[in-house]
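Each chain is listed here by its residues.
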Amino acid sequence: MVTSTNVPVYTLSKFGKPVILIGAYRYNRHSRCKGPRAQWLCCKWSAGCRASVTTIDNCLSSSPGQSSVDPLFNTVVTEPVFTTSRYGKPVIMMGNFRYNRYSHTWKDSRAVWRCVKWASAACRASIITVEGVILMMKNGHNHK
């Protein structure tokens, strides 16, 4: 199990746009960036947050509180990454797929997670966790 750390994770949003996850923070690629240099803005930019990171050839060149160059992961993440959505809701990222928490119980900390395309694409992929440990996974995605 991989939890949120300060290691940058390069992934895709539910709309297929590139996203960088650093800890509990999400950065979206700025639309005007062309070429090898890209600026990534905090997903709360419209709410007044001015945090940003810069990448050059997919390597982190500046980040909050960090000045060294760190490579981004360009491979598909196969380990689950527990993080939050831009609205603060819990999300599991696994590969190019996102799972939203559908239900949970406080008694035994059991949670059911559904693919974000559950309704729109009739995808029936789901994950069941207990205290953050994956017990069962139905990985039958019918989309990319």
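Cut-offs applied
Residues numbered from 1 in each chain as written. Predicted model: local features only at pLDDT ≥ 70, side-chain atom pairs only at ≥ 80, totals over all residues. Heavy atoms only, no water. Core = buried A, V, L, I, M, F, W, Y, C linked by side-chain atoms within 4.5 Å. Buried < 20%, exposed > 50% of the residue type's maximum accessible area, 1.4 Å probe, protein only. Helix = DSSP H or I, 4+ residues; strand = E, 2+ residues; numbered from the N terminus. Contact = heavy atoms within 4.5 Å. Pairing = 2+ DSSP bridges.

With an unreviewed UniProt entry as reference, the protein chain is termed FLYWCH-type domain-containing protein, source organism Iphiclides podalirius.

A. Spotlight on the nonpolar core. Phe 82, Ile 92, Met 94, Tyr 99, Ala 111, Trp 113, Cys 115, Cys 123, Ala 125 and Ile 127 together form the largest nonpolar core, which totals ten residues. Looking at this core, the elements that each hand over two or more residues are strand 9 (90-94) and strand 11 (110-115). Broken down by element, this core gets its largest block of residues, three residues, from strand 11. Ignoring anything within four residues of it in the chain, the contact list for Ala 111 reads Arg 101, Ser 103, His 104, Ile 127, Ile 128 and Thr 129. One finds Ala 38, Trp 40, Cys 42 and Leu 60 within the second-largest nonpolar core, a separate group that totals nine residues.

B. Region of the structure containing the pairing of strand 11. Where strand 10 (residues 97-104) lies against strand 11, five bridges are found, and the strand directions are antiparallel. When the bridges of strand 11 are listed, Asn 100 appears paired with Arg 114. Hairpin geometry of strand 10 and strand 11 is characterised by an intervening segment of five residues between the two adjacent antiparallel strands and by a positive phi of about 55° at Ser 109. Examined bridge by bridge, strand 11 and strand 12 (residues 126-130) share five bridges and lie antiparallel to one another.

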